[in-house]
Structure formats: structure tokens, C-alpha cells
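Reading the structure
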Amino acid sequence: LSEEHLLPNGVRLELARIRRNANRLHVLVSDILDFTKIEAGRAQVSWEMADVGKLVSELVGDASAAARARGIDLSFEEHGSAGEVPIDRGKVEKIVLNLIGNALKFTPRGGRVVVAIDVIDDRFEVSVTDTGVGIPKDQQALVFERFRQLDASATRKYEGTGLGLAIARDIARGHGGDIQLMRSPMGGLRAVIHVPV
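Structure report, in brief. All figures in this text were calculated on a predicted structure; none of them were measured in a lab.

**As for the packing of helix α2 (residues 52-69) against helix α3 (residues 89-106)**
Here α2 crosses α3 at 35°, and the two axes come no closer than 10 Å. Of the two possible hands of crossing, α2 and α3 adopt the one that is right-handed. Where α2 approaches α3, its residues Leu-55, Val-56, Glu-58, Leu-59, Val-60, Ala-63, Ala-66 and Ala-67 are matched on the opposing element by Arg-89, Val-92, Glu-93, Val-96, Leu-97, Ile-100 and Leu-104. A per-class count over the contact of α2 with α3 returns 12 nonpolar, no polar and three charged.

Dropping the structure here:
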């Protein structure tokens, strides 16, 4: 796929479709494996010192191509530095990427997603705020239930397994924190991860 001139256009399109489907399958298998580890009580936290601001900034940079392809303005803001804090880097990446992915999925073309870090007293917060469709307040707790999808109809518009946010909350709680959803001041949804330092 990286050598565009070597493939006829029809073959490139089919290979790109295969790659997208393989990526979806990879995410699904990864979520199911995480879910089974959490259910069995075998999900361990591998603590290491990491600069959360740098980590989240890199994740936003990695997601910028997907945002551009969807016509969404994705940006990062850091309000104070948490510095190096003990986290499980891989698990924090999983949480943040899940929240960014959801924000991009549910924000229409021309919309905006802002990922920010705030340092407040003895904790840091990573927030993902969007101009997307949002979730009614009475349904916000439901998205953390495993395998729960708010649109479970046969014609639903958005893909997903209903595991991502449930796993993200379990990981956040394993760090002594939590995830909270609220209405975004930008009109969509704001997801906030609270983690003590």
C-alpha cells in the first residue's frame, strides 16, 4: 500500500479495506482479552515513571491524521505540568486512545476535539472534549456497562463492541482514578480521566 505506483487502483482500494477490517478485528480481540483479564482479576498494573503531558501530546499527534481524514480539528492543550508520575504507560495509552477514538467517531465533519491536561492539587486530569452528538445525561452511566451500546438497532450508524469505555474505566480505577462524562461546553461530550499523582 505504501508503494502506490505498484498497484492498480482497484487492488489498492481492496487492500486498504482489508487493512481497515484487520485493524477492527485487532481492536476487538484486544478488548476481549483485556475484558477477560479484568474479569479474572489478572489485570496487573506495570508501574513506571512517565511524563503524562508528553505521552498525551504524542497520542494526539498520532491521531491527527485520522482527524484530518474526517475533517475534524484535533488539538492538545496542557494547563500545568504533572511531570513524571507513576502510571502504566500502555494502559493509560489505551484509555486516552479510546476516548480520542470515540470523540472522533461521534463528531461530525467540520467539528472540533480538544484533548487537555490539567494539574489540580494532588491529581492530574486528562479530558477529551468534542462538538459531537453527545450523550443524554440519563444515559451516560450506561456506556460504562460491558457490551452496552446506546444504539443497538440493526441499522445503527456507529461501530463498536460496547467494551471500550468499560475497560477504560476499569483501567482508570486500577490507577486509583476514574472516568467521568459530562456535557461539553462546546456542545458535545466531555470525558475526564482523574488520576492521583
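There's plenty left to go through after this.
**With respect to helix α4 (residues 164-174)**
Here α4 lies mainly inside the structure; eight of its 11 residues are buried. Burial in α4 covers these residues: Gly-164, Leu-165, Ala-166, Ile-167, Ala-168, Arg-169, Ile-171 and Ala-172. Following α4 by one or two positions, Gly-176 adopts a phi angle in the positive range, close to 80°.

**Some remarks on the pairing of strand β4 (residues 112-120)**
Of the strand pairs in this sheet, strand β2 (residues 73-79) and β4 are connected by seven bridges, and their pairing is parallel. Within β4, the residue paired with Ser-75 across the bridge is Val-114. As paired elements, β4 and strand β5 (residues 123-130) share eight bridges and run antiparallel to each other. Residue pairing for β5: Ile-117 is matched across the bridge by Val-126. Between β4 and β5, which follow one another and run antiparallel, lie two residues, and Asp-121 among them has a positive phi close to 50°.

**Remarks on the environment of Glu-125**
Within the fold, Glu-125 resides in strand β5. Along the sequence, Glu-125 and Ile-193 sit 68 residues apart, while their C-alpha atoms lie 5.4 Å from each other. Every residue in contact with Glu-125, bar those within four places of it in the chain, is listed here: Ala-116, Ile-117, Asp-118, Ile-120, Val-192, Ile-193 and His-194. Among the polar contacts listed, one links the side chain of Glu-125 to the side chain of His-194, at a separation of 2.9 Å.

**Comments concerning the sheet that holds β5**
Taking strand neighbours across the sheet as the criterion, the five strands line up as β2-β4-β5-β7-β6 in an open arrangement whose pairing is mixed. Two strands in the sheet have a free side with no partner beyond their single neighbour: β2 and β6 (178-183). Between one strand and the next, the sheet's axes are offset by a mean angle of 15°, whatever the strand orientation. The sheet strands contacting α3 are β4, β5, β6 and β7 (189-196), and the helix crosses β5 at an angle near 20°. α4 rests against β6 and β7 of the sheet, and its axis sits at about 125° to β6.

**What about a nonpolar patch on the surface?**
Together, Val-11, Leu-15 and Ile-18 line one region of the surface with nonpolar side chains, adding up to about 240 Å² of accessible area. Tracing the backbone shows Val-11 in helix α1 (residues 9-39). By relative accessible area, Val-11 is classed as partly exposed at 35%.

How each quantity is defined
Residues numbered from 1 in each chain as written. Predicted model: local features only at pLDDT ≥ 70, side-chain atom pairs only at ≥ 80, totals over all residues. Heavy atoms only, no water. Axes fitted to C-alpha atoms, helices over the stretch in contact; angles between N-to-C directions. Helix = DSSP H or I, 4+ residues; strand = E, 2+ residues; numbered from the N terminus. Left-handed = near helix turned anticlockwise from the far one by under 90°. Contact = heavy atoms within 4.5 Å. Nonpolar A, V, L, I, M, F, W, Y, C, P; charged D, E, K, R; others polar. Buried < 20%, exposed > 50% of the residue type's maximum accessible area, 1.4 Å probe, protein only. Pairing = 2+ DSSP bridges. Polar contact = N/O pair within 3.5 Å; in protein donor to acceptor, adjacent residues only side chain to side chain. Patch = residues over 30% accessible without salt bridge, like charges linked within 9 Å, V, L, I, M, F, W, Y side chains within 5 Å. Areas by Shrake-Rupley, 256 points an atom, 1.4 Å probe, with all protein chains shown as cover. Salt bridge = Lys/Arg side-chain N within 4 Å of Asp/Glu carboxyl O.

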